[in-house]
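Chains, contacts and geometry: an overview
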Amino acid sequence: MASEDVKSTESAAVSTIVNLAEEAKLAREGVKAPSHAVLSICKSLFAGGVAGGVSRTAVAPLERMKILLQVQNPHNIKYSGTVQGLKYIWRTEGVRGLFKGNGTNCARIVPNSAVKFFSYEQASKGILYMYRQQTGNENAQLTPVLRLGAGATAGIIAMSATYPMDMVRGRLTVQTANSPYQYRGIAHALSTVLREEGPRALYRGWLPSVIGVVPYVGLNFAVYESLKDWLVKDNPFGLVENNELTIITRLSCGAIAGTVGQTIAYPLDVIRRRMQMVGWKDASSVVTGEGRSKLEYTGMVDAFRKTVRHEGFGALYKGLVPNSVKVVPSIAIAFVTYEMVKDVLGVEFRISD
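My aim in this report is to walk through the structure given alongside it, one point at a time. (Residues numbered from 1 in each chain as written. Predicted model: local features only at pLDDT ≥ 70, side-chain atom pairs only at ≥ 80, totals over all residues. Heavy atoms only, no water.)

Of regular secondary structure, the protein possesses 11 helices and 2 strands. Traced from its N-terminal end to its C-terminal end, the protein shows the element sequence α-α-α-α-α-α-α-β-β-α-α-α-α. Per-residue burial for the protein yields a buried fraction of 48% across its 353 residues. Nonlocal contacts in the protein, meaning residues at least 24 apart in sequence, comprise 77% of its contacts between residues at least 6 apart. Summing over all exposed atoms, the protein offers an accessible surface of approximately 17,500 Å²; the carbon and sulfur share of this is 63%. (Helix = DSSP H or I, 4+ residues; strand = E, 2+ residues; numbered from the N terminus. Buried < 20%, exposed > 50% of the residue type's maximum accessible area, 1.4 Å probe, protein only. Contact = heavy atoms within 4.5 Å. Areas by Shrake-Rupley, 256 points an atom, 1.4 Å probe, with all protein chains shown as cover.)

This is the structure in structure tokens:
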């Protein structure tokens, strides 16, 4: 009898230990799951931020040249072209002049790029899930049109989240050593605009930016991902090695994607820059010419109309050459850097998997 009691006690003890062990295991798993998800999100955001910072710094001189060409005074031409403009900046402002505004640009583009890439992944997963539910095909993959929608969604989210930084960056980039008024930096520019023009000024030009980001970012992602899928599946040029594309091939895909997107969306970028100058009392010396009326647009359509009327249709493509030269390496570097950093961090980045 005593022996049975001992066995019963031992059995109960073992059962209790097993139950405690299982509870501890479940508790550990419960803690690990969300921490793993958070870590994955952080890695994705970090990779996107690095990609944006590296790609934008590499082409900073061309970015500044593009903006100066977009908004320069048509009655007092300083920059007749990309090469001449870069030489002029080098001669008058030195090396630092070539990278003026890049600190602000990176402060904007790092979070913008991080949010953009992460939003694209999440939007793609959501769209793919709904597409599979609608078609009843669990093996369905994203089509170019669906990728365009995911890219457009990501672009709108990222643009809206970081637009005040973009607006301030535009003004910092445009000012020169001879400008009547100098913004001393990001914080000073933000506080000055808020004080003198109000909070709405920080989102001036937001509408053409959002409209422009739909084809620009949407096409970037759609063309890049579709090109990669086509090359991997069909291998028409023998560029696939071990079922993977080389870095050079991926850079080429990114360059093509960037060129297509920016060419279609460029006029909206010009209008956005010009609208960002509205309300800045010293902008007239940069854009409209000395002694001429203050720069004023009542909206996006009015900005288009006045720009074409006073400067011709070609004004909508001012700065396209340096922008094209800039976009080719910038977009390519951003895509490849993002994928390489995520690969190093051990995070899967292919939406279709």
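From this point, the discussion proceeds with the structure in view.
Ranked by internal contacts, the top residues of the largest apolar core, which has 38 residues, are Phe117, Val193, Phe221, Tyr224 and Phe335. Of all the secondary-structure elements, those providing two or more residues to this core are helix H1 (2-58), helix H4 (102-135), helix H5 (144-174), helix H6 (186-197), helix H7 (206-234), helix H8 (247-277) and helix H11 (320-345). The element best represented in this core is H7, accounting for 8 residues. Setting aside its immediate chain neighbours within four residues, Phe335 contacts Phe117, Asn220, Phe221, Tyr224 and Gly254. (Core = buried A, V, L, I, M, F, W, Y, C linked by side-chain atoms within 4.5 Å.)

Here H5 is 31 residues long, yet its end C-alpha atoms lie only 37 Å apart, well below the 45 Å a rise of 1.5 Å per residue gives. Where H5 bends most, the angle comes to about 65°, and this point is Thr162, followed within four residues by the proline Pro164. (Expected span 1.5 Å × (residues − 1). Bend = angle between axes of the 7 residues up to and from the residue.)

Okay, empty space enclosed by the protein next. By the definition in use, this model includes 5 cavities of 30 Å³ or more. Taken as a whole, the largest cavity encloses approximately 610 Å³ of empty space. Arg56, Met159, Tyr216, Val217 and Arg272 are the residues nearest the centre of the largest cavity, which is lined by 38 residues in total. Counting residues per element, the ones that place at least two in the lining of the largest cavity are H1, helix H2 (60-71), H4, H5, H7, H8 and H11. Among the elements that make up the lining of the largest cavity, the one with the highest residue count is H7 (8 residues). Of the residues assigned to the lining of the largest cavity, the class counts are 16 nonpolar, 11 polar and 11 charged. (1 Å grid on protein atoms, 1.4 Å probe; cavity = no way out; pocket = protein on both sides within 12 Å on 5 of 7 lines; lining within 4 Å. Points joined across faces, edges and corners; volume = space filled by probe spheres on them. Nonpolar A, V, L, I, M, F, W, Y, C, P; charged D, E, K, R; others polar.)

A few words on the pattern of salt bridges. A full pass over the atoms with the stated rule returns 18 salt bridges. Residues Arg147 and Asp229 are paired through a salt bridge, measuring 2.4 Å at the closest nitrogen-oxygen approach. Placement of Arg147 in helix H5 and of Asp229 in helix H7 is noted, with a sequence separation of 82 residues between them. The buried category is assigned to Arg147, whose relative accessible area is 6%. Asp229 sits in the buried class, given a relative accessible area of 10%. Linking Arg274 and Glu311 is a salt bridge whose minimum nitrogen-to-oxygen distance equals 2.5 Å. Of this pair, Arg274 sits in helix H8 while Glu311 sits in helix H10 (residues 300-311), placing them 37 residues apart in sequence. Taking relative accessible area as the criterion, Arg274 reaches 1% and is therefore assigned buried. (Salt bridge = Lys/Arg side-chain N within 4 Å of Asp/Glu carboxyl O.)

With that settled, consider the packing of H2 against helix H3 (residues 82-98). At a minimum axis separation of 10 Å, H2 and H3 run at an interaxial angle of 115°. The element H2 and its partner H3 pack so that their crossing is right-handed. Residues Ala60, Pro61, Leu62, Arg64, Met65 and Leu68 of H2 touch H3, and the partners they reach there are Thr82, Gly85, Leu86, Ile89, Glu93, Gly97 and Leu98. Per-class residue counts for the contact of H2 with H3 are 8 nonpolar, 3 polar and 2 charged. (Axes fitted to C-alpha atoms, helices over the stretch in contact; angles between N-to-C directions. Left-handed = near helix turned anticlockwise from the far one by under 90°.)

Nonpolar side chains collect at one region of the surface, where Tyr203, Trp206, Leu207 and Ile211 lie side by side and expose about 350 Å² of accessible area between them. Tracing the backbone through its elements, the reader meets Tyr203 in the loop between H6 and H7. (Patch = residues over 30% accessible without salt bridge, like charges linked within 9 Å, V, L, I, M, F, W, Y side chains within 5 Å.)

The terminal C-alpha atoms of H3 lie 12 Å apart, and with 17 residues this falls more than 12% below the ideal 24 Å at 1.5 Å per residue. Of all the bends in H3, the largest measures some 105° and sits at Thr92. Taken together, the buried positions of H3 are Thr82, Gly85, Ile89, Glu93, Gly97 and Leu98. Each element contacted by the buried residues of H3 is listed here: H2 and H11.

This part takes up the packing of aromatic side chains. Taken as a whole and judged by the stated rule, the model has 10 aromatic pairs. Their ring planes at 80° and their centres at 5.6 Å tell us that Tyr79 and Tyr88 sit as a pair that is edge-to-face. These aromatic residues form a ring-pair network of at least three members: Phe117, Tyr120, Phe221, Tyr224, Phe335 and Tyr338. (Phe/Tyr/Trp six-rings, centres within 6.5 Å; stacked < 30°, edge-to-face > 60°.)

Attention shifts here to the side chain of Lys66. Inspection of the secondary structure assignment puts Lys66 in helix H2. Leaving out residues up to four positions away in the same chain, Lys66 has contacts with Tyr266, Asp269, Gly319, Pro322, Asn323 and Lys326.

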